[in-house]
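# Results of the structural survey
The chain contents come next:
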Amino acid sequence: MIRLEGVSKEYFMGDVEIRALDAIDLEIQRGEFLSIMGPSGSGKSTLLNILGVLDQPSRGAYYLEDVDITRMRDRELAQIRNRHFGFVFQSYNLFPELSALENVMVPLMYAGKGKGERRALAAELLKGVGMDHRLKHLPTQLSGGEQQRVAIARALANNPTLILADEPTGNLATDQGAEIMEILQNLNDGGTTVVIVTHDPTISRYGKRLIKLCDGVIVQDQITAEQKKDA
Ligand SMILES: Nc1ncnc2c1ncn2[C@@H]1O[C@H](COP(=O)(O)OP(=O)(O)OP(=O)(O)O)[C@@H](O)[C@H]1O
Ligand SMILES: [Mg+2]
């Protein structure tokens, strides 16, 4: 599904160069559940953002379904993002002035759905994450775990083939985190590809493959299906 070849990313702070990723080769197949771990500053978020086409590599190639998208224009990249990817962040990133239902309706609007359809689909998606009893709540009126469930429903609005989650349980208590991971696991069981970044070994075990980054390099890449939580 995705193939990175020699992907590097450098940031410049004045004339100081920071190498966030160093010649990454990585293949992700459809249906995988991949956990990315590594120390702070090792390049995990940079890698996730490049995988999600939120950021561009400095060098190297990114193949999505065998098409090199490295040289595509911003508009095409935005289309790819909306069509293929769903994003979940540590800080939920919900619109504070919108209700749970309205938050999930936003991407459906960009997808050109009419208002009635948006409402119905958003309510359905929130039901799928156990949030149909909180449709009218604003983010500030929801717990962290509930906000993250709304964020997942919103990420699912465009029916993504790939969910990218950067520390999705980073701000949550253990039991809330487990609930979020079970939702992601169910999505993966249904065929959605999932990539998460986490610091927490317990969370990483929901994945079926574990990648460890250190100083922008993949230092470990192993199949861990036997470590699955219910194994
Ligand atoms: N916009 C930026 N400008 C300059 N340097 C950056 C930028 N973004 C990230 N970096 C640097 O690139 C390196 C990798 O950052 P990245 O955010 O990918 O790390 P991370 O593994 O996600 O860390 P954490 O676990 O703390 O979230 C770090 O040294 C960071 O300081
Ligand atoms: Mg990070």
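Remember, it's a predicted structure, so these values are computed and weren't measured experimentally.

Bringing the sheet that holds strand β1 (residues 2-13) into the picture now. A sheet is described by the order of its strands in space; here 4 strands give the open sequence β2-β1-β4-β5, paired in antiparallel fashion. Across the chains shown, the open sheet's two edge strands, defined by having one partner strand only, are β2 (16-28) and β5 (67-68). The pairing of strand β4 (residues 59-64) with β5 spans 2 bridges and is classified as antiparallel. Of the residues in β5, the one forming a bridge with L64 is V67.

Near ligand 1 you find 13 residues, and of these S40, G41, K44, S45 and T46 are the closest. Between S42 and ligand 1, the recorded distance is 3.2 Å, taken from a backbone N or O atom to an oxygen atom. The dominant element in the shell around ligand 1, judged by the number of residues it contributes, is helix α1 (residues 44-51), at 3 residues. Its residues assigned to classes, the shell around ligand 1 shows 5 nonpolar, 7 polar and 1 charged.

This paragraph deals with the layout of surface pockets. Rolled over the atoms, a probe as big as a water molecule pinpoints where empty space is left. By volume, the largest pocket is sized at about 560 Å³. Considering the residues around the largest pocket, the lining is formed by 18 residues, among which N82, F85, F87, P107 and N158 are closest to the centre. Elements represented by at least two residues in the lining of the largest pocket include exactly α2 (74-84), β6 (85-89), α3 (100-110) and α5 (144-155). A breakdown of the residues in the lining of the largest pocket according to their chemical character gives 10 nonpolar, 5 polar and 3 charged. Put simply, the second largest pocket is a space of about 190 Å³. Contributing to the lining of the second largest pocket are 15 residues, with T169, T174, G177, D200 and I203 lying nearest its centre. The element contributing the most residues to the lining of the second largest pocket is helix α6 (residues 174-189), with 3 residues.

By the definition in use, this model includes 2 aromatic pairs. Here the aromatic rings of F87 and F89 are separated by 6.2 Å at their centres, their planes lie at 10°, and the arrangement is stacked. With relative accessibility at 18%, the residue F87 sits in the buried group. Judged by its relative accessible area of 25%, F89 is partly exposed. Following the ring pairs from residue to residue traces out a cluster consisting of F85, F87 and F89. Between R3 and the ring centre of Y63, over which it is positioned, the NZ or CZ distance is 4.3 Å.

Before going further, it helps to examine the side chain of K44. Secondary-structure assignment places K44 in helix α1. In this structure K44 is buried but unpaired, with E167 as the nearest side chain of opposite charge at 5.1 Å. Only 2.9 Å separates the side chain of K44 from the backbone oxygen of P39, close enough to count as a polar contact. Here K44 is in contact with I36, M37, G38, P39, E167, V197, H199 and L213, once residues within four sequence places are set aside.

The rules we used
Residues numbered from 1 in each chain as written. Chains lettered and ligands numbered in written order. Predicted model: local features only at pLDDT ≥ 70, side-chain atom pairs only at ≥ 80, totals over all residues. Heavy atoms only, no water. Pairing = 2+ DSSP bridges. Helix = DSSP H or I, 4+ residues; strand = E, 2+ residues; numbered from the N terminus. Near = heavy atom within 4 Å. Polar contact = N/O pair within 3.5 Å; in protein donor to acceptor, adjacent residues only side chain to side chain. Nonpolar A, V, L, I, M, F, W, Y, C, P; charged D, E, K, R; others polar. 1 Å grid on protein atoms, 1.4 Å probe; cavity = no way out; pocket = protein on both sides within 12 Å on 5 of 7 lines; lining within 4 Å. Points joined across faces, edges and corners; volume = space filled by probe spheres on them. Phe/Tyr/Trp six-rings, centres within 6.5 Å; stacked < 30°, edge-to-face > 60°. Buried < 20%, exposed > 50% of the residue type's maximum accessible area, 1.4 Å probe, protein only. Lys NZ or Arg CZ within 6 Å of the ring centre and 35° of its normal. Lys, Arg positive; Asp, Glu negative; His and termini not counted. Salt bridge = Lys/Arg side-chain N within 4 Å of Asp/Glu carboxyl O. Contact = heavy atoms within 4.5 Å.

Structural measurements only, silent on function.
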